[in-house]
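# Tertiary structure, described
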Amino acid sequence: YQRRVHGKQWYQPEYMGFKTRNFVEIGRVILLKFGQFADTTAVIIDVMDQNWVLIDGTGLGGAPRGVKNIKDITLTSLTVKIQHGIRSSKLAKVVEEAKVKEKFAATSVSKKLTARKLKKESTDLERWRVQYNRRQRSWLIKAKYGKLKKRVLKAARAKHVKNPT
């Protein structure tokens, strides 16, 4: 039995809006979600079984070589062509040649992580500046909206006033 939605199998990438699917595979660049190295990138070196993978992030400035649970990682769309069990030094060269850091930095996930980090590390004065600018922008928008609304209402009243002739 295959479940069908609008004539397509429900698990097809085209139906779900994805161009490709991200699979757990050797060479897949991942993002760690938990632990000391949270929000850092690494590469899957080997798949141990259905729940565990061997990762290495030393070439990306991330986690050291070790075993991670699949539930603790997020798969990215980036891959690197490597053989399983590659050494850290060779992996670092391959990652540098493939410009993985630059490609990951261009993704929306990386931009969100950077923004979150900047917000977390901001000083009291910087947070106050953001709040003040937000208030100023809101006041300007309200003032401009009020003027436009007044002009539209005035034009509407002038148009709909009955002529006494």
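Here is what the cut-offs are and how they apply
The written sequence of each chain sets the order in which its residues are numbered from 1. Where totals are concerned, whole chains, interfaces and linings use all residues; where local detail is concerned, this predicted model gives features only for residues with pLDDT of at least 70, and gives and counts side-chain atom pairs only at 80 or more. No hydrogens and no water enter the side-chain calculation; it runs on all heavy atoms of the structure. Pairing of aromatic rings covers Phe, Tyr and Trp, the last through its six-membered ring, and needs centres within 6.5 Å; plane angles under 30 degrees mean stacked, over 60 mean edge-to-face, and all others mean tilted. To qualify as a helix, a DSSP run of H or I must reach at least 4 residues; to qualify as a strand, a run of E must reach at least 2; elements of each kind are numbered from the N terminus. For each residue, the accessible area found with a 1.4 Å probe, counting protein chains only, is set against the maximum for its type, and the residue is called buried under 20%, exposed over 50%, and partly exposed in between. Two N or O atoms form a polar contact when they lie within 3.5 Å of each other; inside protein one atom must be a possible hydrogen donor and the other a possible acceptor, and for residues adjacent in sequence the pair counts only when both atoms belong to side chains. By definition in these notes, contact holds between two residues if any of their heavy atoms fall within 4.5 Å. For patch building, the residue pool is restricted to those with more than 30% relative accessible area and no salt bridge; the joining distance is 9 Å between like charges and 5 Å between nonpolar side chains (Val, Leu, Ile, Met, Phe, Trp, Tyr). Using the Shrake-Rupley algorithm and a 1.4 Å probe, accessible areas are obtained, with residue cover drawn only from the displayed protein chains. What makes a salt bridge here is a side-chain nitrogen of Lys or Arg within 4 Å of a carboxyl oxygen of Asp or Glu, nothing more. Here the rule is simple: two strands pair whenever DSSP picks up at least two bridges between them.

### Describing the packing of aromatic side chains
Enumeration according to the criterion identifies one aromatic pair in this entry. Between Trp 128 and Tyr 132, the ring centres sit 5.3 Å apart and the planes meet at 20°, which makes this aromatic pair stacked. With Trp 128 and Tyr 132 both in helix α5 (residues 124-160), this residue pair falls four residues apart, about one helical turn. In this structure Tyr 132 comes out as partly exposed when scored by relative accessible area, which is 39%.

### Digging into the side chain of Thr 40
Tracing the chain through its elements places Thr 40 in the loop between β3 (28-32) and β4 (41-47). For Thr 40, the side chain forms a polar contact with the main-chain oxygen of Phe 37, separated by 2.4 Å. Once residues within four sequence positions are removed from consideration, Thr 40 is found in contact with Ile 30, Leu 31, Leu 32, Gly 62 and Ala 63.

### So, a nonpolar patch on the surface
On the surface, Val 24, Ile 26 and Val 47 cluster together into a nonpolar patch covering about 170 Å² of accessible area. On the basis of relative accessible area, Val 24 is assigned to the partly exposed category, the value being 33%.

### Let's talk about the pairing of β3
Counting buried residues in β3 gives five out of five residues, a clear majority hidden from the surface. Burial of the side chains of β3 extends over both faces: Arg 28, Ile 30 and Leu 32 are buried on one face and Val 29 and Leu 31 on the other. Across four bridges, the pairing between β3 and strand β7 (residues 73-79) is antiparallel. Along β7, the bridge assignment pairs Arg 28 with Thr 79. In the sheet, β3 pairs with β4 via three bridges, with the strands oriented antiparallel. If you follow Val 29 over to β4, its bridge partner there is Val 43.

### Overview of the pattern of salt bridges
All chains considered together, the criterion is met by four salt bridges. Glu 25 is paired through a salt bridge with Arg 28; the nearest N and O atoms lie 2.5 Å apart. A relative accessible area of 31% means that Glu 25 is categorised as partly exposed. A salt bridge links Asp 124 to Arg 127; the shortest N-O distance between them is 3.9 Å. Within this pair, Asp 124 and its partner Arg 127 are both found in helix α5, separated by three residues, close to a single helical turn. By relative accessible area, Arg 127 is classed as partly exposed at 45%.

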